[in-house]
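Read off the chains here:
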Amino acid sequence: MIEISKIIEILENFAPLELAQNWDNSGWQINLGNNRAKKLLICLTLTPKILKQAIEKECDFIIAHHPLIFNEFKKIEYNTVTQKLIVDCIKNNIQVYSAHTNLDCAVGGVNDILCEKLGLIPIENFENFVKIAEFPEVLQLDSFILKLKISLNAPKIKIVNPQNIQQIKRVALCAGSGGEFVNLIKNVDAYITGDIKYHTALDVQNMILVDAGHFETEKIILQTLKNLLHKCTADIIIAKETEPWVVV
């Protein structure tokens, strides 16, 4: 059996809740008061498919990167995806915990792992969620694109390159959704993030903007979480997870 308090202690020492943004809801999502669990499942987002996996694999504790509960509600009705998940978790005696923005900006967290995956040398943090980093050597554009695709296992990425920049050395990155920072970033050859909106892409100047995908830039943290928590238990399953759409 897994001691849940030990799991949370390890996780919060690694990614303290004080690092979470005020608008975030990191921490317990569903706490049924159970101190022990049989198996732990970790995922980016708790969805009906992920919950089905947890039930089938007899996992009674889920750690998700994205919080299950973001918006307040005054009653629970079995008529939305989120509320159905809450009810179904409770019915199946499954507890849920989230490590979100605190895990994004923790030392060794999502953005640090993204740097590591891409072979970047971190230089500084910017606006909490953005890292400035450099490649050990200048990359040509084709090599840069190929490196991203291979490192993130991303068959397709979006590139905005209005100045036709061909050499990349210094980059900014923000795993997940980082479009809000585009106009604040200066003096880099490229900015790597996800969830770029159309009009944000139109405003890009003096750098390459890369939309490498929200899912692709964050899924890399799951193995890190498993390795981190493995010291407490071997009964950890990484969910089989895909992004919610198919490119056709």
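The notes below deal with the structure included here. All values derive from a computational prediction rather than experimental measurement. (Residues numbered from 1 in each chain as written. Predicted model: local features only at pLDDT ≥ 70, side-chain atom pairs only at ≥ 80, totals over all residues. Heavy atoms only, no water.)

**Digging into the environment of I10**
Part 1: Along the polypeptide, I10 turns up in helix α1 (residues 4-14).
Part 2: Here I10 falls in the buried class, since its relative accessible area comes to 18%.
Part 3: With 218 residues separating them in the primary sequence, I10 and L228 have C-alpha atoms 7.7 Å apart.
Part 4: Setting aside chain neighbours within four positions, we find I10 in contact with L228, L229, K231 and C232. (Helix = DSSP H or I, 4+ residues; strand = E, 2+ residues; numbered from the N terminus. Buried < 20%, exposed > 50% of the residue type's maximum accessible area, 1.4 Å probe, protein only. Contact = heavy atoms within 4.5 Å.)

**Section: the layout of surface pockets**
Part 1: Computed from the structure, the largest pocket encloses a volume of approximately 850 Å³.
Part 2: Together, 30 residues line the largest pocket, and F215, E216, E243, P244 and W245 are the ones closest to its centre.
Part 3: At the level of secondary structure, the elements contributing two or more residues to the lining of the largest pocket comprise α2 (48-56) and α8 (214-218).
Part 4: In terms of residue count, the dominant contributor to the lining of the largest pocket is α8 (four residues).
Part 5: Looking at the lining of the largest pocket residue by residue, the class counts come to eleven nonpolar, eight polar and eleven charged.
Part 6: For the second largest pocket, the calculated volume is near 310 Å³.
Part 7: Together, 21 residues line the second largest pocket, and W23, G176, S177, G178 and E180 are the ones closest to its centre. (1 Å grid on protein atoms, 1.4 Å probe; cavity = no way out; pocket = protein on both sides within 12 Å on 5 of 7 lines; lining within 4 Å. Points joined across faces, edges and corners; volume = space filled by probe spheres on them. Nonpolar A, V, L, I, M, F, W, Y, C, P; charged D, E, K, R; others polar.)

**A short note on the sheet that holds strand β10 (residues 167-173)**
Part 1: Strands sit in the order β7-β8-β10-β11-β12-β9 across an open sheet of six strands; the sheet is mixed. Here the strands that pair on one side only, and so sit at the sheet edges, are β7 (121-126) and β9 (158-160). If you compare each strand with its neighbour and ignore which way they point, the axes differ by 25 degrees on average.
Part 2: For strand β11 (residues 190-193) and strand β12 (residues 208-211), the ladder comprises four bridges, and the chain directions are parallel. (Pairing = 2+ DSSP bridges. Axes fitted to C-alpha atoms, helices over the stretch in contact; angles between N-to-C directions.)

**Focus: the side chain of E218**
Part 1: As for its placement among the helices and strands, E218 is situated in helix α8.
Part 2: Excluding anything up to four places from it in sequence, E218 contacts L44, H65, H66, D104, V110, A175 and G176.

**Considering α1**
The α-helix advances 3.6 residues per turn, and as a result positions three or four apart in sequence lie on the same side.
Part 1: Looking at α1, one finds that the buried residues are I4, I7, I8, I10 and L11. The arc enclosing the buried residues of α1, seen along the axis, measures out at 160 degrees, which places them on a common side. Along α1, exposed side chains directed more than 90 degrees from the buried face belong to S5 and N13. (Arc of directions from axis to C-beta.)

Geometric values such as these leave the question of function open.
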